[in-house]
Amino acid sequence: MSTAVDETLTILGKSPKDLRALGEARHLSLNDAEWAAIQAHFKGLKREPSLAELETIAQTWSEHCKHKTFTSPIKYTEGKKTRTIKNLFQETIVAATAAVKKPWCLSVFEDNAGVVAFGKKWALAFKAETHNHPSALEPYGGAETGVGGVVRDVLGCGLGAKPVLNTDVFCFGTPDYKGALPEGSHHPSRTLRGVVAGVRDYGNRMGIPTAGGGIWFDDDYRLNPLVFVGTVGILPQWAVGKKVSPGDLIVAVGGRTGRDGLHGATFSSSNLGADAPASAVQIGHAINEKRVLDALLRARERKLYSSVTDCGAGGFSSAIGELGADCGARVRLEDAKLKASDLESWEIWLSESQERMVLAVPPKSLKALEAVFAAEGCETSVLGEFTKNGRLLVTHHDNAVVDLDMKFLHKGLPRVERTATWTGPATSKPAGGTEKKLSAALREAIGNVNVCSREWVIRQYDHEVQGGTVIKPLQGVRHDGPGDACVIWPHAATGDMDDFTGFTVAHGLNPDYGRIDPYWMALACVDEALRNLTCVGADPSRAALLDNFCWASPEDPKQLGALIRAAEGCRDAAKGFSAPFISGKDSLYNQSKDEKGKELPIPGTLLISAIAPVPDVRKAVTMDFKGPGNALYLIGRTNDELGGSLYHKILGRSGGEPPKVQPATALDGFKSLHAAINRGMVLSAHDLSDGGLAVAAAEMGFTGEFGCLLDLDEMPRDPRIFSNETLLFSESPSRILVEVAPENESAFLRHFGKGAKAAPVRRVGQTTANPILKVVGLDGSSIMEEPLRELKDAWQKTLPAALG
Amino acid sequence: MTVRVQPSNTHLVEIRLRPEHADAEGAAALTLLRAQGLTSLIETRVSRLYEIKGSLSANQVLQATKDLLCDAVTQEHRVVTPSPAPMNGANFWRVEVWLKPTVTDPVGETVRDAIADMGLPKPESVRCALVYRLVGRANKAALEKAVSKTLANPLIHRAVVSEAHP
């Protein structure tokens, strides 16, 4: 190697302590074993590494890029049993997907997003990402660049997919949090405003509808907000595969490279503290990304490039490193287009400036490609070429900056065994709290910050752009009710107005169940996502899943034990529901020091996002009651499962059983309901989640402006339940309340099977013209009569009141 | 709209809503500031400030302002020097929130390209800021603290608080 332009760092012969200090000074986030492996590698080469080389290795080996926790061995103790997990990701998520073997999964876990078939010609690419640490520091910019990043993931999936839907799920501290906060952290309401504005501005400016999502409030997120952003893209099936060939040119397109966003990947692999580098925060440029999108899709149609990926964390280093992982790459940094001329070589190589993509272009197509991008006012630069020598060689004005073996870079990461423990939840009976009247409890539940109307947020997003949002996020006669999921008909992208196939995306998230047992939380999340998409008319047997784990530090054996429980729950849910995982992401180290200097971890959080086709968008249904005198059927059995429920939270009660999913029975119910919806026999359907039957019935009522009469004695239930409260507020999973016209009742029931695994279904009441929620208890007396208008007021005023 | 010509080819252009239009952005900012304890503030209006650097004449900047930056229906379109008249003894404050020079300014970049697309000389740079004009009593230190907790994030913004007396 010739003399490097960068300073050469001395690491050979240094003690682990010195190396740790060096790593901290440069924000490298490398542990002792990794330092030792690097030392050994360069000792073999008989030279010191350059700064750019160390930065490249640190980025490539970061938790963000290599998911070390999920892929390293873990010694796991559960109760009295101890076993070794070789690779948590392979043994849970990947194993489940392999077990369910779905031929319509076109690309799983390989590309920037998961890809499933959508009809015979098209495919859907789906990815959800988090942008938690940047959003904690600068909510607007962090959320904006998060959206930009996940849109680029979909753009860089296969040979490029056209984004047709954005989703957003947030976890924040409560917006009216009154307690103290450490210096430098934002109040949750400020984080919320900034994040919503960032998602809004980026999605709206790019012309992508933002139509699905949710928000969860819990004060343990006050220092570490979670911002999940997702994108669905559509691409022709021929464009799903991509392959880099030696000799292809490395072409960077889009924004220029600047000093912004250095150390994003390593930054996300450490605990958030006051000394976070300011350069990790950026402001997105949606118009630039829109230019890249338009030009890229045009170039894809003309087949002008053979592979593409986005510049995310790690910038050129990870994008070119990934594309050339199987062959090798030769890069000349002097050809990169820069924002400022004084950038050092390692800064150009590692910068995470936004809106950039890297293409592999056969030399004969270069001129045509440059013309396509120039027509959109989008800059291109040829940075070098892919080689076949298996080395990553980067030079800057003829001086070598990086000269690394790809094998060492991508396979040389030492695996450190971690320990994890799970002691299991103490089986406890519900205890504490004060009883409340049913009507008071219902009003409190419906106005609870985790149930109340999200209209303040949703109305800021353009959910109509592209003209394909068939079922909208806000539903009902006044377009303000809480829909289960949106339904998108992507005709603007396919150009086919005769094909009425659409798709839907739904989510499941509930960290309160995870506080009791993350295993059951995972099953409940999958169940919630699937029943939400079933409610609008999607086919649950064609659902594919994404996992997003957000956890505190995996160095803590208890946290890691809980994470393993959740991953095992995902595995069993995917197998049980026969729904494969197609992609996912984890964000760890979500903990920081609170105002008293004590570590505040977030509750272990799992977001399940599900995508499924809707066979005919004209038959999709919304959740509002459609008229008086219709029968109400409840699918699914109600058990005494109030552990982690909203009702317990309202009473201040602890303990109890968390909801336990029976996937086989649940899936049977979902499939039966789907068949009935497809036959046009369902007027409305709504899932029972937070607040149980009481909240679901109230929401359906005030959204459609019809009342209902419910008889709790008719509910399919555990016969040991003798409490009206339990029946009204239990959060047993897999339950859906369905409205059916009287003339269709017998035909509707014929769709529900018989046998041990069949889901129970019973008529529990009917809709009424008078807008009142009336409930008859187990003893036959009326136990509740609530005007829906008042319930709706309580539901609508919470968020605006909390935000001022 | 206010155009101030600065030395060395730096032009400052301010665009604001006509006073007869309700300013929702301003009202939201007022709520946030009042929640920080500045309850004596009675009105906030927001305008946009563009710093255009480059070899453009005052007339060319005016043309860009009229045709590109200002909506003639809802926004002010007259060249004035800033001279707010005293109002009933209340205080006036002006808060400018700029992105720090190291942070990308996407709106500024788009304006720079759009000016060139109009056939005018391409500016060297355009940076933009939000300007909050506040009416009401406050002291500077309290206002600066409230601004850093609501309207500006010190990590990426530079906020300039000044008394807006003539």
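Reading the values: rules and limits
- Residues numbered from 1 in each chain as written.
- Chains lettered and ligands numbered in written order.
- Predicted model: local features only at pLDDT ≥ 70, side-chain atom pairs only at ≥ 80, totals over all residues.
- Helix = DSSP H or I, 4+ residues; strand = E, 2+ residues; numbered from the N terminus.
- Rg over C-alpha atoms; globule rule 2.2 N^0.38 Å.
- Buried ≥ 20, exposed ≤ 12 C-beta atoms within 10 Å, placed from the backbone.
- Core = buried A, V, L, I, M, F, W, Y, C linked by C-beta atoms within 7 Å.
- Contact = placed C-beta atoms within 7 Å.
- Nonpolar A, V, L, I, M, F, W, Y, C, P; charged D, E, K, R; others polar.
- Pairing = 2+ DSSP bridges.
- Axes fitted to C-alpha atoms, helices over the stretch in contact; angles between N-to-C directions.
- pLDDT = per-residue confidence, 0-100.
- Parallel < 35°, antiparallel > 145°, perpendicular 65-115°, else oblique.
- Left-handed = near helix turned anticlockwise from the far one by under 90°.

## Notes on the overall build of chain A
- Secondary structure assignment for chain A yields 27 helices and 33 strands.
- In summary, chain A has a C-alpha radius of gyration of 27 Å against a globular reference of 28 Å for 804 residues, a match within 12%.
- Across its three principal axes, chain A shows a C-alpha extent of roughly 90 × 60 × 50 Å.
- Residues classed as buried in chain A amount to 59% of the 804 residues present.

## What to know about the nonpolar core
- Membership of the largest hydrophobic core comes to 239 residues, with the highest contact counts inside it found for Leu124(A), Leu545(A) and Ala610(A).
- With 13 residues, the single largest contributor to this core is helix α20 (residues 518-536) of chain A.

## A closer look at helix α16 (residues 438-446) of chain A
- Listing the buried residues of α16(A) in full gives Ala441(A), Leu442(A), Arg443(A), Ala445(A) and Ile446(A).
- The inward-facing, buried residues of α16(A) abut α22 (646-651), α24 (692-704), β33 (782-787) and α27 (788-803) of chain A.

## Here we look at the interface of chain B and chain A
- Listed as interface residues are 13 residues of chain B and, on the opposing side, 15 residues of chain A.
- Among the elements of the structure, α1 (24-35) and α3 (106-117) of chain B are those that each provide at least two residues to the side of chain B that touches chain A.
- Looking at which element gives the most residues to the side of chain B that touches chain A, the answer is α3(B), with three residues.
- By residue class, the composition of the side of chain B that touches chain A is six nonpolar, six polar and one charged.

## Brief notes about unusual backbone geometry
All names here are of chain A.
- Unlike most non-glycine residues, Phe 109 shows phi in positive territory, near 60°.
- Within the element layout of this structure, Phe 109 appears in the loop between β3 (105-107) and β4 (114-118).
- Not every positive phi belongs to a glycine, and Ser 734 is a case in point at roughly 65°.
- Within the secondary structure, Ser 734 is located in the loop between α25 (724-729) and β30 (736-740).
- Judged by C-beta crowding, with 27 C-beta atoms within 10 Å, Ser 734 ranks as buried.

## Some thoughts on the sheet that holds strand β32 (residues 772-776) of chain A
All names here are of chain A.
- Spatially, the seven strands line up as an open sheet ordered β28-β30-β27-β31-β29-β32-β33, and their pairing is mixed. Looking at the sheet topology across the chains shown, the edges are occupied by β28 (684-687) and β33. For this sheet, the mean inter-axis angle between neighbouring strands, taken without regard to orientation, is 20°.
- With five bridges connecting them, strand β27 (residues 631-635) and strand β31 (residues 761-768) associate as antiparallel partners. For Leu 634, the partnering residue across the bridge sits in β31 and is Arg 762.
- Its contacts with the sheet place α20 against β28 and β30, and it is angled at close to 170° to β28.
- The strands touched by α27 are β29 (707-711), β32 and β33; relative to β33, the strand with the most contacts, the crossing angle is about 65°.

## Digging into the confidence of the model for chain B
Residues and elements named next belong to chain B.
- Considering every residue of chain B, the mean pLDDT works out to 85; 86% of them sit at 70 or more.
- In the model, residues 79-84 has pLDDT below 50 throughout and makes seven contacts with residues more than four positions away in sequence or in other chains.
- What the predictor reports for the complex is a pTM of 0.92 with an ipTM of 0.86.

## As for the packing of α20(A) against helix α21 (residues 557-577) of chain A
Residue and element names in this part refer to chain A.
- For the pair α20 and α21, interaxial distance at closest approach is 7 Å and the crossing angle is 40°. Considered as vectors, α20 and α21 are oriented oblique to each other. Once α20 is placed against α21, the crossing between them reads as right-handed. Where α20 approaches α21, its residues Pro 518, Tyr 519, Trp 520, Met 521, Ala 522, Leu 523, Val 526 and Leu 530 are matched on the opposing element by Ala 562, Arg 565, Ala 566, Glu 568, Gly 569, Cys 570, Asp 572, Ala 573 and Phe 577.

## With respect to the sheet that holds strand β16 (residues 418-422) of chain A
Residue and element names in this part refer to chain A.
- Read from one edge of the open sheet, three strands run β2-β1-β16, paired in mixed fashion. In the strand order of this sheet, the two ends are held by β2 (81-85) and β16, each with one partner. The sheet shows a mean angle of 20° between the axes of neighbouring strands, direction not considered.
- Pairing between strand β1 (residues 74-78) and β16: five bridges, direction parallel. Bridge pairing in β16 links Tyr 76 to Ala 420.
- Packing against the sheet, α21 makes contact with β1, β2 and β16, and its axis sits at approximately 70° to β16.

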